[in-house]
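Coordinates in review
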Amino acid sequence: MATSPMLRSSPIASARSHGATSLGMFSFEKLNLHNRRIQDNILGYSKHFQNGSLIQLQHIKRLQPVKASSTGMPQKIHRSASSGNVRIGINGFGRIGRLVLRVATEGNSVEVVALNDPFIDTKYMAYMLKYDSTHGRFNGTVKVIDDSTLEINGKKIHITNKRDPTEIPWGIHGVEYVVESSGVFTTIEKASAHLKVVHEEFGIIEGLMTTVHATTATQKTVDGPSMKDWRGGRGAGQNIIPSSTGAAKAVGKVLPQLNGRLTGMAFRVPTPNVSVVDLTCRLESPASYEDVKAKIKAAASEGPLKGILGYTDEDVVSNDFVGDSRSSIFDAKAGIGLSASFMKLVSWYDNEWGYRY
């Protein structure tokens, strides 16, 4: 994730919508729900990730080839209550696409029936699904049937290799929703849970945001050429690298009233997963750090942000959040208040798993 915990996002959210829909990351932890709830609770807009991944769910018309695009809205489909699981298609089998499939196999409310990636064949798909250096081995069975079919936990998934998304025959396979995780169709950055609470409760006059970000796939293993960003060309495993971040701008898109009030930068550090954001801000309404913690804790335990925003007062480190399904976990012990209107707020995010709306 590249915005902040205060700015991160993931899927299941609320907004009654039956057309093309998009999600932050498809965190199926919330997909252990009833099919009806899954269909009702889908976002009606797109979100962006700094790592270039967008999860877009598009409602697909059943049993007909449909030209699905990042902007098109296939017609609403009508499913009978006895038709079984929600049928999912995945476009793009990079890190996010693979994690979507992993999480989908853990529940019994959704079924991935089709997968498209123009750059990866079925044998390599199977290998990358089986083994992951960050999240461990896949807890299930993976079998290559042929060049166009994978069998995951005994269920077949149809494979295509189309570059043009309008050519992907989702409808033929009965796909109802498409998870767009190719990283191509992105338009906005992720949203923030933690920051939203602070601004709504106390008002943010201005703030400086620093994200401490785990290594990304675009970084160099050893020093190499990087003409636009010389420091970014240095070895990822050897250095802490100052960098730019789109996190502050993303907040302004999600919370327009904060436009121009936030700016920030990033440090890329040699860890494989999980990032943390440090927001130093000045508040409109006087409040102690204890007051702010209390409001964030309440928001994390009840209301629309429950399961999306987290709260911890334990002595945690980054590795403790690998596999956490929440988008942003506020670290009460890591922050500090200087006065009644000036404080530092810290929250963990971007673990590849817990994106939320």
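The structure displayed is predicted, hence computed values, not measured ones. (Residues numbered from 1 in each chain as written. Predicted model: local features only at pLDDT ≥ 70, side-chain atom pairs only at ≥ 80, totals over all residues. Heavy atoms only, no water.)

With that out of the way, let us pick up the overall build of the protein. Within the protein, the secondary structure is distributed over six helices and 16 strands. Here the protein, with 357 residues, has 54% of them falling under the buried criterion. Sequence separation of at least 24 residues holds for 73% of the intrachain contacts in the protein that already meet a minimum separation of 6. (Helix = DSSP H or I, 4+ residues; strand = E, 2+ residues; numbered from the N terminus. Buried < 20%, exposed > 50% of the residue type's maximum accessible area, 1.4 Å probe, protein only. Contact = heavy atoms within 4.5 Å.)

Moving on: helix α3 (residues 122-130). Within α3, burial applies to Thr122, Met125, Ala126, Met128 and Leu129. Elements that come into contact with the buried residues of α3 comprise α2 (95-104), β4 (110-116), β5 (142-146), β6 (149-152) and β7 (155-160). At the N-terminal end of α3, a side-chain oxygen is found 3.3 Å from the backbone nitrogen of Lys123, two or three residues along, and the residue is Asp121. (Polar contact = N/O pair within 3.5 Å; in protein donor to acceptor, adjacent residues only side chain to side chain.)

Looking at the secondary structure, you find Thr312 in strand β13 (residues 309-312). With sequence-adjacent residues up to four places away left out, Thr312 is seen in contact with Phe321, Ile329, Phe330, Asp331, Ala332 and Lys333. Within the structure, the side chain of Thr312 is placed 3.2 Å from the backbone nitrogen of Glu314, a separation counted as a polar contact.

Attention now moves to unusual backbone geometry. Despite not being glycine, Asn153 has its phi angle at roughly 50°, a positive value. Looking at the secondary structure, you find Asn153 in the loop between β6 and β7. A relative accessible area of 35% places Asn153 in the partly exposed class.

This part takes up the pairing of strand β16 (residues 342-349). With six of eight residues buried, β16 lies mostly within the body of the structure. Note that strand β12 (residues 275-283) and β16 share eight bridges and pair antiparallel. Paired with Leu279 across the strands is Leu345, a residue of β16. Pairing of strand β14 (residues 328-331) with β16, which is carried by three bridges, proceeds in the antiparallel orientation. The residue of β16 that forms the bridge with Ser328 is Tyr349. Taken together, the two bridges between strand β15 (residues 336-337) and β16 define a ladder with antiparallel strand orientation. (Pairing = 2+ DSSP bridges.)

Before going further, it helps to examine a nonpolar patch on the surface. Taken together, the side chains of Tyr124, Tyr127 and Tyr131 define a hydrophobic patch exposed on the protein surface, amounting to about 340 Å² of accessible area. Classification of Tyr131 by relative accessible area gives partly exposed; the value is 38%. (Patch = residues over 30% accessible without salt bridge, like charges linked within 9 Å, V, L, I, M, F, W, Y side chains within 5 Å. Areas by Shrake-Rupley, 256 points an atom, 1.4 Å probe, with all protein chains shown as cover. Salt bridge = Lys/Arg side-chain N within 4 Å of Asp/Glu carboxyl O.)

Enumeration according to the criterion identifies four aromatic pairs in this entry. Where Phe321 meets Trp348, the ring centres are 5.3 Å apart and the plane angle is 25°; that geometry is what we call stacked. Of this pair, Phe321 sits in the loop between β13 and β14 while Trp348 is found in strand β16, placing the two residues 27 residues apart along the sequence. (Phe/Tyr/Trp six-rings, centres within 6.5 Å; stacked < 30°, edge-to-face > 60°.)

All told, the structure shown has 10 salt bridges when counted by the stated rule. For Glu284, the salt bridge identified is with Arg261, shortest N-O distance 3.2 Å. Of the two residues, Glu284 is situated in the loop between β12 and α6 (289-301) and Arg261 in the loop between α5 (247-254) and β11 (262-269); the sequence distance between them amounts to 23 residues. With relative accessibility at 47%, the residue Glu284 sits in the partly exposed group. We classify Arg261 as partly exposed; its relative accessible area is 28%. With a shortest N-O distance of 2.8 Å, Lys344 and Asp278 are connected by a salt bridge. Taken together, the residues span a long stretch of sequence, with Lys344 in strand β16 and Asp278 in strand β12 at a distance of 66 residues. Since its relative accessible area comes to 28%, Lys344 is described here as partly exposed. If you follow the salt bridges from partner to partner, you end up with Arg95, Asp132 and Glu352 in one network.

For the rest of this paragraph, the subject is the pairing of β5. Each regular strand shows side chains that alternate between the opposite faces of the sheet. Bridge count for β5 against β6 is four bridges, and the pairing is antiparallel. Within β6, the position partnered with Val142 by the bridge is Ile152. The antiparallel pairing of β5 with β6 creates a hairpin that spans two residues between the two strands.

Among the nonpolar cores identified, the biggest contains 30 residues, and Ile204, Leu262, Leu283, Val292, Ile296 and Leu345 are the most heavily contacted of them. Broken down by secondary-structure element, the contributors of at least two residues to this core are α4 (194-202), β9 (204-214), α5, β12, α6, β13 and β16. A per-element tally of this core places α6 first, with five residues. Formed by 24 residues, the second largest nonpolar core is a distinct cluster that contains Ile88, Phe93, Val112 and Ile120. (Core = buried A, V, L, I, M, F, W, Y, C linked by side-chain atoms within 4.5 Å.)

Let us look at the environment of Tyr127. Relative to the elements of secondary structure, Tyr127 occurs in helix α3. The class of Tyr127 is partly exposed, set by a relative accessible area of 49%. Sequence separation between Tyr127 and Val144 is 17 residues; the distance between their C-alpha atoms is 9.8 Å.

A few words on the packing of α2 against α3. The relative placement of two packed helices comes down to the angle between their axes together with the axis-to-axis distance. The interhelical angle for the contact between α2 and α3, taken along N-to-C directions, is 65°, at an axis separation of 10 Å. Relative to α3, α2 is oriented roughly perpendicular. The two elements α2 and α3 cross, and the hand of that crossing is right-handed. Taking contact as the criterion, the partners of Arg98, Leu101 and Arg102 in α2 are, on α3, Met128, Leu129 and Lys130. Across the contact of α2 with α3, the residue classes break down as three nonpolar, no polar and three charged. (Axes fitted to C-alpha atoms, helices over the stretch in contact; angles between N-to-C directions. Parallel < 35°, antiparallel > 145°, perpendicular 65-115°, else oblique. Left-handed = near helix turned anticlockwise from the far one by under 90°. Nonpolar A, V, L, I, M, F, W, Y, C, P; charged D, E, K, R; others polar.)

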